[in-house]
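Summary of structural features
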Amino acid sequence: MVILLVYYFLDFQKAFDVVNHKILLTKLKYYKCDDLAISWFKSYLTNRCQKVRLGLAESKMEKVQSGVPQGSILDPLLFLLCKQSTPLLT
């Protein structure tokens with residue numbers, strides 16, 4: 001039972017990394033967010049970079065193409081919004 005819970009937690013944590021920004025912004029429009037809010041969310045999600053450090057080794061900075069920034073109060077809201085079922089969005 002504990003192993004299953006740990007696996008579920010790790011899988012759920014990984015899910016934050018695969019949120020598609022374009023789909024998320026489209027859903028914000030679908031749920032009637034105004035243009036200013038959508039512009040703010042777009043700014044919040046795009047043009048982010050990250051690198052990985054392990055011991056003395058360090059990767060180069062890479063642009064983040066998907067995912068919700070983790071560690072802010074908006075994380076759960078954005079993740080749930082993205083996973084919420086909506087009619088086919090085109």
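Residue positions are given per chain, counted from 1 along the sequence in the order it is written. Predicted model: local features are reported for residues with pLDDT of at least 70 only, side-chain atom pairs are reported and counted for 80 or more only, and whole-chain, interface and lining totals are derived from all residues. To get the side-chain values, take all heavy atoms of the structure and skip hydrogens and water.

**Digging into the environment of N47**
Quick note on the threshold: For helices the rule is a DSSP run of H or I covering at least 4 residues; for strands it is a run of E covering at least 2, with both sets numbered from the N terminus onward. Partly exposed describes any residue whose relative accessible area lies between the buried limit of under 20% and the exposed limit of over 50%, with all areas from a 1.4 Å probe on protein chains only and scaled to the type maximum.
Turning to its location among the elements, N47 is positioned in the loop between α3 (35–45) and β1 (49–50). In this structure N47 comes out as exposed when scored by relative accessible area, which is 62%. Remark: the alpha-carbon pair of N47 and K63, spanning 16 residues in sequence, is separated by 6.7 Å.

**Looking at the nonpolar core**
What counts here: Residue types Ala, Val, Leu, Ile, Met, Phe, Trp, Tyr and Cys, when buried and joined through side-chain atoms within 4.5 Å, form a set referred to as a nonpolar core.
Among the nonpolar cores identified, the biggest contains 13 residues, and V19, L24, L25, L28, F41, L45 and L78 are the most heavily contacted of them. Listed by contribution, the elements that provide at least two residues to this core are α2 (21–30), α3 and α4 (75–83). Broken down by element, this core gets its largest block of residues, 4 residues, from α4.

**Observations regarding the packing of aromatic side chains**
Convention followed: Ring pairs shown here join Phe, Tyr and Trp side chains whose ring centres sit within 6.5 Å, with only the six-membered ring taken for Trp; geometry is labelled stacked below 30 degrees between planes, edge-to-face above 60, and tilted in between.
Inspection of the entire model under this criterion finds 3 aromatic pairs. Ring centres of W40 and F41 lie 5.2 Å apart, and the angle between their planes is 85°; on these two criteria the pair is classed as edge-to-face. You can call W40 partly exposed: its relative accessible area is 48%. With 5.4 Å between their ring centres and 10° between their planes, W40 and Y44 make a pair best called stacked. With W40 and Y44 both in helix α3 and 4 residues apart, the pair spans about one turn of that helix. Among the aromatic residues, ring-to-ring pairing joins W40, F41 and Y44 into one connected group.

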